[in-house]
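Descriptive analysis of the structure
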Amino acid sequence: MAGRRLLILGGTGEAAALARALAQAGDWEVVTSLAGRTRAPTALPGAVRVGGFGGAGGLAAYLRAERIDRVIDATHPFAATISANAAAACAEAGVPLLRIERPAWMPVPGDRWIDVADAAAAADWLAGALPANSTVLLTLGRQEVAPFRRCPALRFVLRSIEPPAPEDLPPNCLLLSERGPFTLDGEHALIAQHGIRAVVAKNAGGDATAAKLAAAREAAIPVVMIRRPTLPSTPAVPDVAGALDWLGARPEMGSA
Ligand code: NAP
């Protein structure tokens, strides 16, 4: 198996953990692909390429040119376009594809979740449900904040890895540029410090950003939860260990 070439479609903690685990195993030559959205991405072992492929056709051409043997789609559950492109490109190039799909968060007793399809629907719900001058915590990417401009009576605290374009910001918006993981104590403190009355989140799943859900439950405030987009029905595993099994590579999992 030595020297076989694997493309990881990345941009997540799972993708980084997989690249690190495979660097220990040594069976696979790994290339991680990043979209290039983050200016200072986490350092990764193995080769890293940055930027789009030019759609499914471009990705299929890349797989052939680089003699890629397998692809793991470890992108974020909301990165629907690249996942669809991966499915189409791998089918076209005849390259086996596996997706790491972390389980979605599920509400537990005490949660008050408002299920919405997208950021625009979240903004509509907030505008109708909250009194003027309420403060809302947005835990979203920089490209998802523009719809909240339609809520000029509300105040926002936006926690995002990268700052959005100024023209996308709602009028009353405090920016926090932070990257998880976040602790329960920290989330409690944030809610108390800013008098947060609702949280807007995408159903990303995973542990790194789940503390806000427990903190919202304990503070008895609603979470406006943006549901996941529909992805192609690619074979999937829930975690890095499943991906290593699929690759026939099970190194010591100490750093994964
Ligand atoms: P997207 O909407 O699914 O993809 C848009 C385009 O960006 C794709 O068509 C592709 O361009 C390019 N692209 C996306 N991921 C790529 C990758 N790993 N390598 C090379 N090109 C990639 O993606 P997105 O939601 O903007 O997410 C972009 C990246 O950020 C992903 O890698 C994802 O894992 C990460 N991320 C996303 C979120 C989120 O909430 N969406 C959260 C955390 C991390 P071409 O068509 O030109 O190939």
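Structural data are supplied above this passage.
This section reports on the structure supplied with the text. (Residues numbered from 1 in each chain as written. Predicted model: local features only at pLDDT ≥ 70, side-chain atom pairs only at ≥ 80, totals over all residues. Heavy atoms only, no water.)

Remarks on the pairing of strand β11 (residues 223-226)
Selection rule: Per-residue accessibility, obtained with a 1.4 Å probe over protein chains only, is compared with the maximum for each type, and a residue is labelled buried under 20%, exposed over 50%, and partly exposed between these values. Where helices and strands are cited, they refer to DSSP runs of H or I of at least four residues and of E of at least two residues respectively, numbered from the N terminus. Two strands make a pair as long as DSSP finds a minimum of two bridges between them. A crossover gets the label right-handed when its path from the first strand over the helix to the second runs clockwise, viewed with the strands pointing away from the viewer.
With burial as the criterion, each face of β11 is covered, one bearing V223 and M225 and the other bearing V224 and I226. Taken together, the four bridges between strand β6 (residues 113-116) and β11 define a ladder with parallel strand orientation. Residue pairing across strands places W113 opposite V223, the latter belonging to β11. Here strand β10 (residues 196-202) runs beside β11; their pairing, made up of four bridges, is parallel. Each residue of the ladder has a partner; that of V200, found in β11, is V224. A crossover links β10 with its parallel partner β11, the connecting element being helix α6 (residues 211-219), and its sense is right-handed.

Some details on the environment of D69
To be explicit about the condition: Only heavy atoms matter for contacts: two residues are in contact if any of them lie within 4.5 Å across the pair. Residues adjacent in sequence count toward polar contacts only when both atoms are side-chain atoms; beyond that, a polar contact is any pair of N or O atoms within 3.5 Å, and within protein one must be able to donate a hydrogen and the other to accept it.
Take D69: it is sitting in the loop between α2 (55-65) and β4 (70-73). A residue is classified by how much of its surface remains accessible, and D69, at 29% relative accessible area, is partly exposed. Between the C-alpha atom of D69 and that of G94, which follows or precedes it by 25 residues, the distance is 9.2 Å. Once you skip the residues sitting within four places of it in the chain, D69 turns out to touch R4, R5, W28, V95 and P96. Engagement of the side chain of D69 in a polar contact is seen with the backbone nitrogen of R5, the distance being 2.8 Å.

Points about the site of the ligand
Applicable threshold: By convention in this text, a residue qualifies as near a molecule or strand provided that one of its non-hydrogen atoms is within 4 Å of it. Note on areas: Shrake-Rupley with a 1.4 Å probe; residue coverage comes only from the protein chains shown. Each residue is assigned to one of three groups, with Ala, Val, Leu, Ile, Met, Phe, Trp, Tyr, Cys and Pro labelled nonpolar, Asp, Glu, Lys and Arg labelled charged, and all others, Gly among them, labelled polar.
Not every one of the 22 residues close to the ligand is listed here, only the nearest: G10, S33, F53, G54 and K202. Between a nitrogen atom of the ligand and a side-chain N or O atom of S33, the distance comes to 2.7 Å. For the ligand, an oxygen atom lies 3.0 Å from a polar atom in the side chain of R37. Relative to its free-state accessible area of 810 Å², the ligand is covered by the protein chains to the extent of 77%. Going through the elements one at a time, β2 (28-34) and α3 (80-93) are the ones with two or more residues in the shell around the ligand. Among the residues making up the shell around the ligand, the classes are represented as seven nonpolar, twelve polar and three charged.

Shape descriptors only; they carry no functional weight alone.
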